2 protein chains.
Amino acid sequence: MAKHYASSRNAKFLVHEVHDLAALTKHPYFAHHDRESFDMMIDAAFQLADTHLFPYFADMDRNEPELKDGVVKVHPQVKNIIRALAEGGWINATVPLAEGGMQLPESINALGQFIFQAANNSAMPFTGLTAGAANLIRTFGSDYLKQTYMERMYAGEWQGTMALTEPQAGSSLSDIVTTAEPVAEGVFKIKGQKIFISAGDLDALDNVVHLLLARIKGAPAGTKGISLFVVPKKRVVEGKLVDNDVLPAGIYHKMGQKATPAMHLMLGENDNCFGYLVGEPNKGLSYMFQMMNEARILVGITAAAIASAAYHASLEYAKERPQGRRLNEKNPLNPPTLIINHPDVRRLLLFQKSVVEGSLSLLLETAKYADLAHVSQGEEQANHLLMLELLTPVAKTYPAEAGIASVSAGLQCLGGYGFCKDFPLEQLYRDIRITAIYEGTTAIQSLDLLGRKLTMHNGKAGRLYIQAVSETIGEAAVYDALKKYAAALEHELKNLQKVTAHLMEIAQKGDAELFLADATLYMELFSLNAIAWQWLKQGTAAHKALLAGAINQEETAFYESKLQAMKYFFHYELPKTQGLTTRLTDSEVITIAQQKELLV
Amino acid sequence: MAKHYASSRNAKFLVHEVHDLAALTKHPYFAHHDRESFDMMIDAAFQLADTHLFPYFADMDRNEPELKDGVVKVHPQVKNIIRALAEGGWINATVPLAEGGMQLPESINALGQFIFQAANNSAMPFTGLTAGAANLIRTFGSDYLKQTYMERMYAGEWQGTMALTEPQAGSSLSDIVTTAEPVAEGVFKIKGQKIFISAGDLDALDNVVHLLLARIKGAPAGTKGISLFVVPKKRVVEGKLVDNDVLPAGIYHKMGQKATPAMHLMLGENDNCFGYLVGEPNKGLSYMFQMMNEARILVGITAAAIASAAYHASLEYAKERPQGRRLNEKNPLNPPTLIINHPDVRRLLLFQKSVVEGSLSLLLETAKYADLAHVSQGEEQANHLLMLELLTPVAKTYPAEAGIASVSAGLQCLGGYGFCKDFPLEQLYRDIRITAIYEGTTAIQSLDLLGRKLTMHNGKAGRLYIQAVSETIGEAAVYDALKKYAAALEHELKNLQKVTAHLMEIAQKGDAELFLADATLYMELFSLNAIAWQWLKQGTAAHKALLAGAINQEETAFYESKLQAMKYFFHYELPKTQGLTTRLTDSEVITIAQQKELLV
């Protein structure tokens, strides 16, 4: 088995040397934290992960949840994991001190979640969903809902879920048909079906609280008639838990992330399911979308974390496994070399490192904008929020898409063993695949990036991005060793602007379908730029540390390894923008459906 | 469940309209076949697959083989499948009539295997391995071995295997240590371990015949001291089967292709394991390599077939599943559109079609060179063999690598359902991953292509390739509608030559490691060229059929769909050569290990 799943040294490098997150603690809101307390949080997260998560990674996959006699039996360790995360303060980590949380920056919380996910991603949706659902009640719910449901959720006593998807609607939320009929002030009878509800039921906790989208009878059609409800598995009546007619109708058997059950739920089959309105009627979708940034960043974190576990497992293997001889070795009778010395294995490892550490850096950058927005005001705040909105779909999608390829590269390093259950690679390969689907598929994120984030406010988010990347280029260009890479990114940034301008011209002609037909390719182009930006940042920090000198061998290796990964990214990954640019500026229409159905 | 796994119309298009395989029947060796008999073989293959393979696809994955009390229990359908394939003549299809086979061209046999693999890849290694092992005995074995073992194998009564890999050696066959001690003329006592032996044991048949590599005591070290043996599970002594001390020590639990057990075998633990030398001592590896082309093409076929099953399943889904609205739809209350009308779904489908049908076309082209070599002589034959050798690693690797991405695209079309066991996509996604590892990993195929195939005979294979592709370009350029694509491929062909020349310059300086460091990227560049070649061939055939006119609507859709897939490949896939070219002509060394270990 692998011994490592993530690098503590890298976590601290990103927090302190690249993103200087301790600077957040200069703001009163975060002033109760400091550099040392951040380090302690990271250390504590690793300790929790080592104890409660990592040792159960394979076993929870082998023994997946079962639905039997109406009860969803999950792995016995689920209860311990939820308890440990609740006790560590990780379910309500970002909640204000006054409300019982740690008032922790989103960025540090994201890093903690990264460590947990890397150790055992399959078990992490339980608390992740509880936190997301409880945050929705906290932001939009009544005091009654907060006291009755939210507090038990933050305490890890009750499970939370997001109940959006329905069989006929899929990603198209405007088509949901679950109904809500008013029976008292703020109380509704709910009837409908929800599918793919992660952690939608479990025997490990006493109750499950669904944050559920439904239509109040008579509400307008489409997205403007959707409301948000708290629909518990058991409702609280006079201090007691009463069955609320939420039936686990089926459990999905998935390829990966097996520890968490994905449920098909029937609501109100016996006309006895009550839901409690959250906020105002018909605003459900807008409430949900306010939580979406958080959820999407968390999926990006999941993907980067799974890729991290794969990278460390395959790196360990490559450093221990002798096989074959180097190509310039003249004597075939000399002992075999370690496979890390084969260029193609090293390429697969550098690819993984560049994806994992580039992704994590972008995710922390994105979460940091959420933190900065929290402690700023006016135009400054607006700008931080715009950057957060712009980067979120990228920070969700690149880790997922490149992460899938990265785990595959890790599996390849192990050859036939990578395909077998004796090593964690095959499980990680199955687990990570869902991240390109969860919380909006890659196509949906790409439409969001190009069709919404880059067009809103007259393209202001794009201009802020250029400014931020240009700053990094300026800082790197000071150093001779980095000039070449600063220039390369500058060139790429201009190319990205050129492609964007070309697409905006099409947009202005009003053909949305044509404008957005290749949005997914644009996402890839933008992502390569954003990750190169993060690598230039990391390279600059590493170069400065090496210049400062007087560090031990291990530290030197850490920084030189960073520079090597930066170079890998610029020389192997970044050139992929060339083919993408060719396609994105090519006028031949290929994927837009015509009258006739041509695909057979 | 999906209703289709491969297209019969496409099979016949490739056989007749693109590769004109019936022309082979002008040669006396294949004169007992004709166009109609080829069509009948294809129809028979589909019928066999529909009856015996496709219905058991999921069930054989869910009920994987078990090793219990020394017995490897496989799915009960295994026996029926082997029998059906043997009765259909598919185990010894290419064997001469005089020796009991059908004397079928390799290309038509490959197409039959493609159909079977698409229906149920997981169950196909049994007969595939038996055929490969029996072919080895047929080519190099004594009459005794042929009569005693080979005939039972071709009849589907006994299983065959290839027993190469050992725990300490992996892909490095020069390091194998299994020993063979002479006890009589051609008879040896065998002692050692073999791992990852597919179909290495099973309860469905009475015997298993391993074609096994071992070292005769006192043989030279390295690759020149390896011999090939027949090592049966039960040896034939005076007409009776006697236990031969081949112990199933363990079964590997794999991510996919679960119907076929991968075994860990212990040989001669009780000093009672006998092996029979095949051919001459110390020539085992060269014998094995003569069969390697066949095995590699079969892995390419497997990969293309799995991608075909995924393409047809996701195409069906996309044509039936309504969700969301087209982006230019102004009224959100209109009914949802089918997802095939979303450009990104259509892009994912066109990508799959281009991979599946491009791969299959290249595989048939490659197998056709084997057939042509069979019926030609002298320089003509030498040229055909060179093309076969050149194309084999490409025809193995592109279907595997692009096929993995292609199945992933199919899964993505289904969203959350793609990740669930209710649909075949998740299983296909797990199954196909092994194809980049089986029979030499992608890295090994790439070293073979660049380091061996393109350098041997002073680069003659490369010149033959240019000639073949140029012919296709010439035939396409006749038609106005295809001129643009002919010119694009011509440009790409020149670029490929330029990059190859650049790498050969490095090779001539004698640094093999530097020359081959990015061989895998070169493989990708070469593959894109080869698949574009196949698409231009297919596009030309389709264009000619449309020009000829007077065909029904369904046929028109078939050909227009072909042209659309060709265009997709040229506009979306081929531009990827740009980034690859940049890297392959870039002098920065990134992946070659230095003295210090830098990767952390």
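None of the values given here were measured: they were computed from a predicted structure. Within every chain, residues take consecutive numbers counted from 1 along the sequence as written. Labels follow written order: the first chain is A, the first ligand is 1, and so on. Only residues with pLDDT of at least 70 are given local features in this predicted model, and only at 80 or more are side-chain atom pairs given and counted; all residues enter the totals for whole chains, interfaces and linings.

Draft legend 1. Up close: the overall build of chain A. When its secondary structure is counted, chain A shows 18 helices and 12 strands. Relative to the 2.2 N^0.38 estimate, which gives 25 Å for 600 residues, the radius of gyration of chain A is 25 Å and therefore close to what a compact globule would have. Referenced to the eigenvectors of the C-alpha coordinate spread, the extents of chain A come out at roughly 80 × 60 × 55 Å. The exposure label follows from counting other C-beta atoms within 10 Å of a residue's C-beta, where the C-beta atoms are placed from the backbone and the thresholds are 20 or more for buried and 12 or fewer for exposed, leaving partly exposed in between. Looking at chain A residue by residue over its 600 residues, the buried ones come to 58%. Restricting the contact set of chain A to residue pairs at least 6 apart, pairs at least 24 apart contribute 76%. Helix numbers and strand numbers start at the N terminus; a helix is a DSSP run of H or I with at least 4 residues, a strand a run of E with at least 2. Atoms counted for the radius of gyration: C-alpha only. Globule rule: 2.2 Å times residue count to the power 0.38. Any pair of residues counts as being in contact when their C-beta atoms, constructed from backbone geometry, are within 7 Å of one another.

Draft legend 2. Structural context of unusual backbone geometry. With phi around 55°, A:Asp271 is a residue other than glycine that occupies positive phi space. If you trace the backbone, A:Asp271 turns up in the loop between β11 (262-267) and β12 (274-278). Classification of A:Asp271 as exposed rests on a count of 10 C-beta atoms within 10 Å. Even without glycine at this site, B:Asp69 takes up a positive phi of about 50°.

Draft legend 3. Region of the structure containing the interface of chain B and chain A. Across the boundary between the two partners, chain B contributes 76 residues, which contact 76 residues of chain A. The dominant element in the side of chain B that touches chain A, judged by the number of residues it contributes, is helix α17 (residues 553-573) of chain B, at nine residues. Along the lines of polarity and charge, the residues of the side of chain B that touches chain A split into 35 nonpolar, 23 polar and 18 charged. Throughout, the ten residues Ala, Val, Leu, Ile, Met, Phe, Trp, Tyr, Cys and Pro are labelled nonpolar, Asp, Glu, Lys and Arg are labelled charged, and all others, Gly among them, are labelled polar.

Draft legend 4. How the structure looks around the packing of helix α9 (residues 343-374) of chain B against α17(B). Residue and element names in this part refer to chain B. The axes used here are C-alpha line fits, helices contributing only the stretch in contact, and every angle between their N-to-C directions lies in the interval 0 to 180 degrees. At their nearest, the axes of α9 and α17 sit 9 Å apart, and the two run at 105° to each other. Here α17 runs roughly perpendicular to α9, going by the angle between their axes. Along its contact with α9, which presents Leu-350, Phe-351, Lys-353, Ser-354, Glu-357 and Gly-358, the element α17 presents Gln-564, Ala-565, Tyr-568, Phe-569 and Glu-573. Counted by class, the contact of α9 with α17 contains five nonpolar, three polar and three charged residues. Roughly parallel means an angle under 35 degrees; roughly antiparallel means over 145; roughly perpendicular covers 65 to 115; every other angle is labelled oblique.

Draft legend 5. Representation of the packing of helix α13 (residues 460-477) of chain A against helix α16 (residues 519-548) of chain A in the model. Residue and element names in this part refer to chain A. Running from N to C, α13 and α16 cross one another at 30°; their axes reach a closest spacing of 10 Å. Judged on the interaxial angle alone, α16 and α13 are roughly parallel. Two packed elements cross with a definite hand, and for α13 against α16 that hand is left-handed. In contact with Val-469, Thr-472, Ile-473, Glu-475 and Ala-476 of α13, α16 contributes Trp-533, Leu-536, Lys-537, Gly-539 and Thr-540. Note on convention: the crossing is left-handed when the near helix lies turned anticlockwise from the far helix by less than a right angle, right-handed when the turn is clockwise.

Draft legend 6. Representation of the relation of the copies chain B and chain A within the structure. Least squares is used to superpose the copies, and the fit set is the C-alpha atoms of residues whose pLDDT is at least 70 in both copies. For these two chains of identical sequence, chain B goes onto chain A by a turn of 180° and a shift of 0.0 Å along the axis, with RMSD 0.0 Å. Considering both components of the superposition, the chain copies are consistent with a two-fold axis. Here 100% of the interface residues in chain B have copies in chain A that are interface residues too; the copies meet face to matching face.

Draft legend 7. The confidence of the model for chain A, seen in detail. The quantity known as pLDDT measures the predictor's confidence residue by residue, on a range of 0 to 100. When the pLDDT values of chain A are averaged, the result is 96; 99% of them are 70 or greater. Across the assembled chains, the prediction reports ipTM 0.96 with pTM 0.97.

Draft legend 8. Inspection of helix α2 (residues 35-53) of chain A at higher detail. Residues and elements named next belong to chain A. For a helix, the expected span equals 1.5 Å multiplied by the residue count minus one. If you check α2, its first and last C-alpha atoms are 26 Å apart, about what 19 residues at 1.5 Å a residue would give, namely 27 Å. Within α2 the residues assigned to the buried category are Phe-38, Met-41, Ala-45, Phe-46, Leu-48, Ala-49, His-52 and Leu-53. Considered in projection along α2, the buried side chains sweep an arc of 165° and stay on one side of the axis. Turned more than 90 degrees away from the buried face of α2 sit Glu-36, Met-40, Gln-47 and Thr-51, all of them exposed. Summarising the contacts, the buried residues of α2 are in contact with α1 (8-18), α4 (77-87) and α5 (106-120). Directions pointing from the helix axis toward each C-beta atom define the arc.

Draft legend 9. View of helix α13 (residues 460-477) of chain B. Its 18 residues give α13(B) an end-to-end C-alpha distance of 26 Å, which sits within 8% of 26 Å, the value for a rise of 1.5 Å per residue. The inward-facing, buried residues of α13(B) contact α10 (378-413), α12 (442-453), α14 (480-508) and α16 (519-548) of chain B.

Draft legend 10. Structural view of the environment of B:Leu580. Residues and elements named next belong to chain B. Turning to its location among the elements, Leu-580 is positioned in helix α18 (residues 576-584). Leu-580 sits in the buried class, given 24 other C-beta atoms within 10 Å. Residues Leu-580 and Leu-525, spaced 55 residues apart in sequence, show a C-alpha to C-alpha distance of 6.5 Å. Beyond its immediate sequence surroundings of up to four residues, Leu-580 is in contact with Leu-521, Glu-524 and Leu-525.

Draft legend 11. Broad picture of the pairing of strand β8 (residues 234-237) of chain A. Residue and element names in this part refer to chain A. Any two strands between which DSSP finds at least two bridges are classified as paired. Pairing geometry for β8 and strand β9 (residues 240-243), over four bridges, is antiparallel. Pairing of Arg-235 across the sheet is with Val-242, part of β9. Counting the residues in the hairpin turn of β8 and β9 gives two residues, including Glu-238, whose phi is positive at 50°.

Draft legend 12. Looking closely at the pairing of strand β7 (residues 227-232) of chain A. All names here are of chain A. With six of six residues buried, β7 lies mostly within the body of the structure. Side chains of β7 alternate between two faces, with Ser-227, Phe-229 and Val-231 and Leu-228, Val-230 and Pro-232 buried alike. Examined bridge by bridge, strand β6 (residues 207-216) and β7 share six bridges and lie antiparallel to one another. Bridge pairing links Ala-214 to Ser-227 in β7. Bridge analysis of β7 against β12 gives three bridges, and the strand direction is antiparallel. Of the residues in β12, the one forming a bridge with Val-230 is Tyr-276.

Draft legend 13. Summary view of the environment of A:Gly218. Residues and elements named next belong to chain A. With respect to the helices, strands and loops of the structure, Gly-218 is situated in the loop between β6 and β7. Overall, the presence of 8 C-beta atoms within 10 Å leaves Gly-218 in the exposed class. Sequence separation between Gly-218 and Gln-290 is 72 residues, and the spatial gap between their C-alpha atoms is 25 Å.

Draft legend 14. Looking closely at the environment of B:Lys12. All names here are of chain B. Position of Lys-12 among the secondary structure elements: in helix α1 (residues 8-18). According to the C-beta neighbour criterion, Lys-12 is partly exposed, with 16 such atoms within 10 Å. Once you skip the residues sitting within four places of it in the chain, Lys-12 turns out to touch Asp-39 and Ile-42.

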